Amino acid sequence: SLSIGIVGLPNVGKSTLFNALTSNDVLAANYPFATIEPNVGVVGLPDARLDRLAEIHNSQKILPAPVSFTDIAGLVKGASKGQGRGNAFLANIRDASAICQVVRAFSDPNVVHVDGKVSPRDDIETINTELILADLGTIEKALTRLEKEARVNKARAGALANAKAASELLNNGTTLYGGAAKAGIDLDELRELHLLTAKPFLYVFNVDEAELGNAAFLDELRALVAPAEAVFMDAKIESELIGLDDAEKRELLEGIGQDEPGLNQLIRVGFATLGLQTYLTAGPKESRAWTIPIGATAPEAAGVIHSDFQRGFIKAEVVSFADLDSYGTMAAAKAAGKVRIEGKEYVMADGDVVEFRFNV
Ligand code: GDP
């Protein structure tokens, strides 16, 4: 399943953030993988379109697209040299589709910083270094094997050359996600190595609530990680939102100049970082969002619901959410010619409301 791994130095607010994310466990019952591990939480992609769809179709249930977060403990300075629990974090992080680093930018003198001072730049560097060292270790181990394979099998020459180039890039302190494209490294050739720094990165800066409106301060932090995405929040405030009703939440957020929880932004940015989008299905039983890669065709989208839908795909009845929203009912949208019949080649758009026709 789609999973975002949360990493960061000790005491930066990871647990606070993870608990705030997953305290909202309404999704667990519908997504069985949610309950496998205590360090995995599944949250719904916030999507106001689903509320409107449920209203139009009188749906009993709303099922947002699930995004799972894994709390990856144990990544500390020197982990690659055996500090803390050493490389124990590797097992968890290998399975993550993207890596989210939580960075401390709050000042509270009562919360000890492991390195004695609050420095987002240094912390990012520390975590990056550990991930880079882990990848260098992986590549070093693989090189002997790759060299042997390349000697007897020409088709393996690409993997070897790319592994060598990756090792050089990493040795210069650059992550593969940040530098592979520019260096002409083909990450597909290195897929078998499950390299950590090849995963998409995003950053959460845990800031004091007073700084949330300080654009200059936030821009400085954003510049540290660009072009990767940055999300800003106060983890303490996010955890205070737990258990409040909607009106209370709105009031608290308004008080700090925010129109939505930082967690919603994080879920959305995480989703976008992975190159994903959603399409929608709706009926009296449920209004639901389904996750597909950008560029997926109609049969591929059908396959996310059930592999039989993809195999037996005939056609899709498609209306954009915007059209359905403005016409108010399927019948009115149809009468206005806004409901299209699409075939096998159709490339899905975000927010398509779809009904598939298929042979079983
Ligand atoms: P972790 O080690 O990264 O998981 O960090 P925790 O979530 O356990 O947080 C470490 C300490 O920092 C706890 O005492 C938290 O209450 C506190 N903390 C977390 N986030 C914030 C924040 O945004 N502001 C302040 N002032 N304290 C925070």
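This one's a predicted model, so the numbers in the text were calculated from it and none came from an experiment. Within each chain, residue numbers correspond to sequence positions counted from 1 in written order. Two thresholds apply to this predicted model, a pLDDT of at least 70 for residue-level local features and 80 or more for giving and counting side-chain atom pairs, whereas whole-chain, interface and lining totals are computed over all residues.

Digging into the site of the ligand
Put plainly, near means the residue's C-beta atom, positioned from the backbone, lies within 6 Å of the molecule or strand in question. Close to the ligand lie 15 residues; Gly 13, Lys 14, Ser 15, Thr 16 and Asp 108 are nearest. Only DSSP runs of H or I with at least four residues qualify as helices, and only runs of E with at least two residues qualify as strands; both kinds are numbered from the N terminus onward. Looking at the shell around the ligand, the element that brings in the most residues is helix α1 (residues 14-22), giving three residues. Its residues placed into classes, the shell around the ligand shows five nonpolar, six polar and four charged. Under the grouping applied here, Gly and all other residues not named as nonpolar or charged are polar, the nonpolar ones being Ala, Val, Leu, Ile, Met, Phe, Trp, Tyr, Cys and Pro and the charged ones Asp, Glu, Lys and Arg.

Here we look at the pairing of strand β8 (residues 276-282)
The burial criterion counts other C-beta atoms lying within 10 Å of a residue's C-beta, which is placed from the backbone; the residue is buried at 20 or more, exposed at 12 or fewer, and partly exposed between these limits. With six of its seven residues buried, β8 lies for the most part within the structure. Note: two strands are recorded as paired if DSSP finds a minimum of 2 bridges between them. The sheet contact formed by β8 and strand β9 (residues 286-293) spans seven bridges and is antiparallel. Looking at the pairing, Thr 281 lines up with Arg 288 of β9. Counting the residues between successive antiparallel strands, the hairpin from β8 to β9 contains three residues.

Points about the packing of helix α4 (residues 120-152) against helix α7 (residues 215-225)
Here the axes come from fitting lines to C-alpha atoms, over the contacting stretch only for helices, and the angles between their N-to-C directions go from 0 to 180 degrees. Close contact between α4 and α7 brings their axes to 10 Å; oriented N to C, the two are set at 20 degrees. For the element pair α4 / α7, the angle class is roughly parallel. In the crossing of α4 with α7, the sense of the turn from one axis to the other is right-handed. Where α4 abuts α7, its residues Pro 120, Arg 121 and Ile 124 lie against Leu 221, Leu 224 and Val 225. Residue composition of the contact of α4 with α7, grouped by class: five nonpolar, no polar and one charged. Under this scheme an angle from 65 to 115 degrees is roughly perpendicular, one under 35 degrees roughly parallel, and one over 145 degrees roughly antiparallel; angles in between are oblique. Handedness of a crossing is defined here by the sense of rotation of the near helix relative to the far one, left-handed for an anticlockwise turn of less than a right angle and right-handed for a clockwise turn. Once C-beta atoms have been placed from the backbone, residue pairs whose C-beta atoms lie within 7 Å are recorded as contacts.

Here we look at the pairing of strand β7 (residues 229-233)
Across the five residues of β7, four count as buried, placing the element largely inside the fold. Pairing analysis gives five bridges linking strand β6 (residues 201-207) to β7, with the strands arranged parallel. Residue pairing across strands places Val 204 opposite Val 231, the latter belonging to β7. Read from β6 through α7 to β7, the crossover connection turns out right-handed. Handedness of a crossover is defined as follows: orient the strands so they point away from the viewer, and if the path from the first strand over the helix to the second runs clockwise, the crossover is right-handed.

Description of the environment of Ile 139
For Ile 139, the location among the structural elements is in helix α4. Taking the C-beta count within 10 Å as the criterion, Ile 139 has 20 such neighbours and is therefore assigned buried. Taking C-alpha positions, Ile 139 is 14 Å from Ser 80, a pair spaced 59 residues apart along the chain. Beyond its immediate stretch of four places on either side in the chain, Ile 139 contacts Ala 163, Ala 166, Ser 167 and Leu 193.

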